[in-house]
Amino acid sequence: MSAAGGKFAARRAGLLARLEPGSVVYLATAPESVRNGDSDYPYRHDSSFYYLTGFPEPESALVLVAASGDQPARAILFCREKNVEREIWDGLRHGPEAAQAEFGVDAAYPIAMLDEKMAGLLAGAPALYCRLARDEGLDGQLRRWFDGVRARGRTGIVAPPALRDLVPLVDEMRVVKDAGEQATMLRAGQISAAAHRRAMRAARGGVFEYELEAELLYEFRKSGAQFPAYTPIVASGANSCILHYNSNDRQTRDGDLVLIDAGCELDGYASDITRTFPVNGRFSAPQRELYDIVLAAQAAAFEAIRPGNTFHAAHDAAVRVLAQGMLDTGLLNRDTAGSLDDVIANKAYTAFYMHGTSHWLGMDVHDTGAYRLTDHPDKPSRPLAEGMVLTVEPGIYVRPAPGVPEQYWNIGIRIEDDVVVAAGAPRVLTDEVPKTVDDIERLMAEGS
């Protein structure tokens, strides 16, 4: 077994330790997906399957059996068989024998044997853990497996009486990142930071949004990242006020702000950075005024990210700064909006800031894990713990509207970084991209 295989084996052991003796876990990876005709999308494994196996191939499934009495726990991988002809066309297949040796499972079988083996593995098990209401086709599989067990009912063998959702267990395991995961995410952040710097240097009035996107994608791949972690947002002018804009086809104009929200995926882990900058390299006075408010809001959020503080404390801190800025600039009229506390209580700030400040980050951009303590009656925000990774992304988005000062129209600003919760201040993984006004203008003055 490789050293990496040992890491995944330890994760499987941690999951099995949470189950009642003899229980069975079933988890399949993602299917391949047709783009059009005979062309597939680039394959990307299921995150939780990969978290527990490290196995990158499609048509694969993991079965775990918890220890019971004198029977030790087992990890069983089902995967494609070796096929020299298909490998000529599509690339390496480990096959069961090599997969068992490299990935540290106790047994491995061809995926075609899954139904045959599952009937035996489920016989007498007290519970089956799987992804309920999430995996297409699982209902049909369960019917075949349970029918196989029930066919042996005269011998006293019974199917699992309990069917339980696996998702919450694995999701909670993934919330806290170990040192290896943090190192990978740091490197992903560094690659994405270099891409953002590259795009800033390439910016000038008249450039198309897709040209800046191309700079990002070039740097991602050149530096070893396998994919963009999500479709990049390159939004100029009024497009910067569209939160999930990704057409990226407008030609910029001198004086525009450009909001770029983009990050790479490296070895299965995402990064997520947003920077906003003037395409001509110089902030106007209104742009700078709103930008500094957003930057101050991010700084306030950083101060709230401490072990033991709640997840939502960062959002509350950012909102307070943003709302005060909206009152100071006249985006919100004091006569109608009231005091700062009134603005927050009535959520008047959502006219210009309508999203949350943070989300979990990891193998998925919006990573797994609960944001609230769902087993508590009033479901409070969960406390932060060392090793959790989250984004911090306050913003202000000003669309033309009656009563809104015209000098701020079509200004959309978001500043986003990725941070690890640490014993003191959070560890910022993406701080290699400038974000003060002076630092951005200085970098852009250097050009490409």
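Source: prediction; values computed, not measured.

## Section: the overall build of the chain
A tally of regular secondary structure across the chain gives 14 helices and 19 strands. Once local pairs closer than 6 in sequence are excluded, the contacts in the chain between residues at least 24 apart make up 70%. Summed over all atoms, the accessible surface of the chain reaches about 19,900 Å², with 50% contributed by carbon and sulfur.

## Concerning the nonpolar core
With 76 residues, the main nonpolar core has Leu 290, Met 326, Leu 331 and Ile 396 as its most contacted residues. Broken down by element, the residue count for this core peaks at 8 residues, all from helix α10 (residues 285-304). In this structure, Ile 396 is in contact with Leu 290, Ile 293, Val 294, Leu 322, Met 326, Leu 331, Phe 352, Ile 411, Gly 412 and Ile 413, ignoring residues within four places of it in sequence. Tyr 50, Ala 75, Met 185 and Tyr 230 belong to the second largest nonpolar core, which has 38 residues in total.

## A closer look at the pattern of salt bridges
A complete count under the given rule lists 30 salt bridges for this structure. In this structure, Arg 11 and Asp 178 form a salt bridge, with 3.6 Å as the shortest nitrogen-oxygen distance. Taken as a pair, Arg 11 in helix α1 (residues 3-16) and Asp 178 in the loop between α7 (167-175) and α8 (179-202) lie far apart in primary sequence, 167 residues in all. For Arg 11, a relative accessible area of 8% translates into the label buried. When the shortest N-O distance is used, the salt bridge between Glu 303 and Arg 306 registers 3.4 Å. Judged by relative accessible area, which is 21%, Arg 306 ranks as partly exposed. Here the salt bridges do not stand alone but share partners, grouping Arg 174, Lys 177, Asp 364 and Asp 367 into one network.

## Considering the packing of α10 against helix α11 (residues 313-329)
In contact at an axis separation of 7 Å, α10 and α11 are set at 155° when each is read in the N-to-C sense. Here α10 lies roughly antiparallel to α11, going by the angle between them. Taken as a pair, α10 and α11 cross one another with a handedness that is right-handed. Taking contact as the criterion, the partners of Glu 289, Leu 290, Ile 293, Val 294, Ala 296, Ala 297, Ala 300, Ala 301 and Ala 304 in α10 are, on α11, Ala 313, Ala 314, Ala 317, Ala 318, Val 321, Leu 322, Gly 325 and Thr 329. Looking at side-chain class alone, the contact of α10 with α11 contains 14 nonpolar, 2 polar and 1 charged residues.

## Quick look at the side chain of Glu 57
For Glu 57, the position within the fold is in the loop between α2 (47-53) and β4 (61-65). Under the relative-accessibility criterion, Glu 57 is labelled buried at 5%. Side chain to side chain, Glu 57 and Arg 80 meet in a polar contact 3.3 Å long.

## Some words on the packing of aromatic side chains
When we look at a pair of aromatic rings, we describe it by the centre distance and by the angle of the planes. Applying the stated criterion across every chain, the model contains 9 aromatic pairs. A ring pair is formed by Phe 8 and Tyr 50, whose centres lie 5.9 Å apart and whose planes are at 70°; its orientation type is edge-to-face. Residue Phe 8 is located in helix α1, and its partner Tyr 50 is located in helix α2; the two are separated by 42 residues in the primary sequence. Judged on exposure class, the residue Phe 8 and its partner Tyr 50 are both buried. Where Phe 208 meets Tyr 210, the ring centres are 5.0 Å apart and the plane angle is 15°; that geometry is what we call stacked.

## Remarks on a negative patch on the surface
Among the surface-exposed residues, Glu 32, Asp 38, Asp 40 and Glu 59 lie close enough to one another that they form a single negatively charged patch. If you trace the backbone, Asp 40 turns up in strand β3 (residues 39-40).

## Considerations on the pairing of strand β17 (residues 411-414)
Burial along β17 is two-sided: the residues Ile 411 and Ile 413 and Gly 412 and Arg 414 are all buried. Judged from the 4 bridges that link them, strand β16 (residues 395-398) and β17 form a sheet pairing that is antiparallel. Across the sheet, Tyr 397 pairs through a bridge with Gly 412, a residue of β17.

## Here's the deal with the packing of α10 against helix α14 (residues 437-446)
In the contact formed by α10 and α14, the axes pass within 11 Å of each other and the chain directions differ by 120°. Taken together, the axis directions place α10 and α14 in an arrangement best described as oblique. Here Arg 288, Tyr 291 and Asp 292 of α10 come into contact with α14, specifically with Val 437, Asp 438 and Ile 440. In terms of residue class, the contact of α10 with α14 is built from 3 nonpolar, no polar and 3 charged.

What counts and how
Residues numbered from 1 in each chain as written. Predicted model: local features only at pLDDT ≥ 70, side-chain atom pairs only at ≥ 80, totals over all residues. Heavy atoms only, no water. Helix = DSSP H or I, 4+ residues; strand = E, 2+ residues; numbered from the N terminus. Contact = heavy atoms within 4.5 Å. Areas by Shrake-Rupley, 256 points an atom, 1.4 Å probe, with all protein chains shown as cover. Core = buried A, V, L, I, M, F, W, Y, C linked by side-chain atoms within 4.5 Å. Buried < 20%, exposed > 50% of the residue type's maximum accessible area, 1.4 Å probe, protein only. Salt bridge = Lys/Arg side-chain N within 4 Å of Asp/Glu carboxyl O. Axes fitted to C-alpha atoms, helices over the stretch in contact; angles between N-to-C directions. Parallel < 35°, antiparallel > 145°, perpendicular 65-115°, else oblique. Left-handed = near helix turned anticlockwise from the far one by under 90°. Nonpolar A, V, L, I, M, F, W, Y, C, P; charged D, E, K, R; others polar. Polar contact = N/O pair within 3.5 Å; in protein donor to acceptor, adjacent residues only side chain to side chain. Phe/Tyr/Trp six-rings, centres within 6.5 Å; stacked < 30°, edge-to-face > 60°. Patch = residues over 30% accessible without salt bridge, like charges linked within 9 Å, V, L, I, M, F, W, Y side chains within 5 Å. Lys, Arg positive; Asp, Glu negative; His and termini not counted. Charge placed at Lys NZ, Arg CZ, Asp CG, Glu CD. Pairing = 2+ DSSP bridges.

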